[in-house]
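# Summary of the model geometry
What follows is the residue order along each chain.
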Amino acid sequence: MNILLTGGAGYIGTHTIVELFKAGHSVVVVDNFVNSHPEALKRVESIAGRQVPFVQADIRNREALEKLFSNYAIDAVINFAGLKAVGESVEKPLEYYENNMNGLFVLVDVMRKNNCKNIIFSSSATVYGDPAIIPITEDCPKGQCTNPYGWTKSMLEQVLMDIQKADHSWNVVLLRYFNPIGAHESGLIGENPNGIPNNLMPYITQTAIGIRKELGVFGNDYDTPDGTGVRDYIHVVDLARGHVAALKAIEQNKGLAIYNLGTGHGYSVLDVVKAFEKVNNMKVPYVIKPRRAGDIATCYCNPSKAKEELGWEAIYGIDEMCRDSWKFQKNNPNGYETETNSKQL
Ligand code: NAD
Ligand code: UFG
């Protein structure tokens, strides 16, 4: 298939391009680089040994999208494009609602006009709120989100479900990601956060390399085995493979399909710190801090639906996640910014 990846220059998008190529698909990428760097696509090209067709545009730009659809025959779209920083979404709710919601509205409208009605949407475990069932299955009721970012995911899921309900010729696949970490084994692509990282793994790797003094562990009084928060960390390459597998739901004309993409294992913050220290043979200094507002104690999934219906399951464990996250950080202490490419920009 020929797949359009919106936001394909980002963390999950770049890894997904590599896996789509491996599986024999072709791609087109659209991105406005609001949270990514052109160098990331060059790195993908060097991993894959081929060019990545690319259009630099904002997906809210209808004209640009219409032009893209008239230049390329697109079979399906994976919509990664969106702003994703939880804390920033609380400070700038309008910017988040505007970018994430309008982006999808314009995209879906242009898709419909071009009779491309297959979409895979990047959703999140955040839609379950404080989950009613652990491990979380896809029929666990959705919950209250604690920030505007989460609400954009929850609401956009509803928008896509309503579109599919009104027109059964749409195939809508909602992928609810758990906590993606890790990087491609080459160390060429990985997570490249702007500023102070919000998420655990980039904070650990930046502490390990000396950019941050110590990791703050947000709370050790949760009702979990060691008191720190438990999450379902998934290697980004497994997550990328999950998108290739999700194309099966489109090929089979499933209509609406919802899948959890996680490993089914819960690791605490201290489990991750210990695994990172062991695998990479180094120390990560940390201090216990108060709980972070909006955090929940435990979140991990039951991933068996994706296994049964798509034949997909995660193959990497926490050790590979820690190894590959560190490899990317170590090889790219300044992320994608290098002396050569910063002069080019
Ligand atoms: P990312 O920020 O690395 O990638 C998103 C990409 O979208 C970036 O390259 C950015 O420049 C682009 N983008 C944003 N708005 C755009 C617009 N209006 N037009 C064109 N491009 C635009 O994030 P990621 O971690 O790769 O996440 C991909 C998707 O998965 C996002 O929708 C995110 O919300 C979702 N998700 C991520 C996680 C996670 O922990 N990384 C978890 C659950 C869901
Ligand atoms: N944590 C720390 N210190 C840090 C950062 C995080 O102790 O510096 C803890 C958190 O309290 C939590 C765990 O590490 O217990 C994981 O936190 P992350 O911020 O890495 O991830 P979250 O589970 O909070 O949220 C992430 C994304 C959301 C997404 C969700 C589910 O940020 O956007 O995973 O996919 F919705």
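Heads up: these notes are all about the structure in this document. (Residues numbered from 1 in each chain as written. Chains lettered and ligands numbered in written order. Predicted model: local features only at pLDDT ≥ 70, side-chain atom pairs only at ≥ 80, totals over all residues. Heavy atoms only, no water.)

What follows deals with the sheet that holds strand E14 (residues 298-299). In space, the 3 strands of this open sheet follow the order E12-E9-E14, with mixed pairing throughout. Every interior strand has two partners, whereas the edge strands, strand E12 (267-268) and E14, have only one. Direction of pairing for strand E9 (residues 230-231) relative to E14: parallel, over a ladder of 2 bridges. Across the sheet, Arg-231 pairs through a bridge with Cys-299, a residue of E14. (Pairing = 2+ DSSP bridges. Helix = DSSP H or I, 4+ residues; strand = E, 2+ residues; numbered from the N terminus.)

Attention shifts here to the packing of aromatic side chains. Counting across every chain of the model gives 4 aromatic pairs. A centroid spacing of 6.0 Å and a plane angle of 80 degrees characterise the contact between Phe-276 and Trp-326, whose relative ring orientation is edge-to-face. Taken as a pair, Phe-276 in helix H9 (residues 269-280) and Trp-326 in helix H11 (residues 318-331) lie far apart in primary sequence, 50 residues in all. Side by side, Phe-276 and Trp-326 carry an identical accessibility label, which is buried. The ring of Tyr-259 carries Lys-305 above its face, with NZ or CZ at 5.0 Å from the centroid. (Phe/Tyr/Trp six-rings, centres within 6.5 Å; stacked < 30°, edge-to-face > 60°. Buried < 20%, exposed > 50% of the residue type's maximum accessible area, 1.4 Å probe, protein only. Lys NZ or Arg CZ within 6 Å of the ring centre and 35° of its normal.)

In the region of ligand 2, 22 residues are neighbours, and Ser-124, Phe-178, Gly-216, Arg-231 and Asp-295 sit closest. Phe-178 is positioned such that a nitrogen or oxygen atom in its backbone is 2.7 Å from an oxygen atom of ligand 2. Contact distances for ligand 2 include 2.9 Å between an oxygen atom and a backbone N or O atom of Leu-200. Burial of ligand 2 by the protein amounts to 88% of the accessible area it has alone, namely 680 Å². For the shell around ligand 2, the secondary-structure elements that each account for two or more residues are helix H7 (200-208) and strand E8 (215-218). If you tally residues by element for the shell around ligand 2, the top one is E8, at 4 residues. By residue class, the composition of the shell around ligand 2 is 12 nonpolar, 7 polar and 3 charged. (Near = heavy atom within 4 Å. Polar contact = N/O pair within 3.5 Å; in protein donor to acceptor, adjacent residues only side chain to side chain. Areas by Shrake-Rupley, 256 points an atom, 1.4 Å probe, with all protein chains shown as cover. Nonpolar A, V, L, I, M, F, W, Y, C, P; charged D, E, K, R; others polar.)

It is at 9 Å that the axes of H9 and H11 come closest, and there the two elements cross at 70 degrees. With respect to their mutual orientation, H9 and H11 come out roughly perpendicular. Of the two possible hands of crossing, H9 and H11 adopt the one that is right-handed. Residues Val-272, Ala-275, Phe-276, Lys-278, Val-279 and Asn-280 of H9 touch H11, and the partners they reach there are Ile-318, Asp-319, Cys-322, Arg-323 and Trp-326. (Axes fitted to C-alpha atoms, helices over the stretch in contact; angles between N-to-C directions. Parallel < 35°, antiparallel > 145°, perpendicular 65-115°, else oblique. Left-handed = near helix turned anticlockwise from the far one by under 90°. Contact = heavy atoms within 4.5 Å.)

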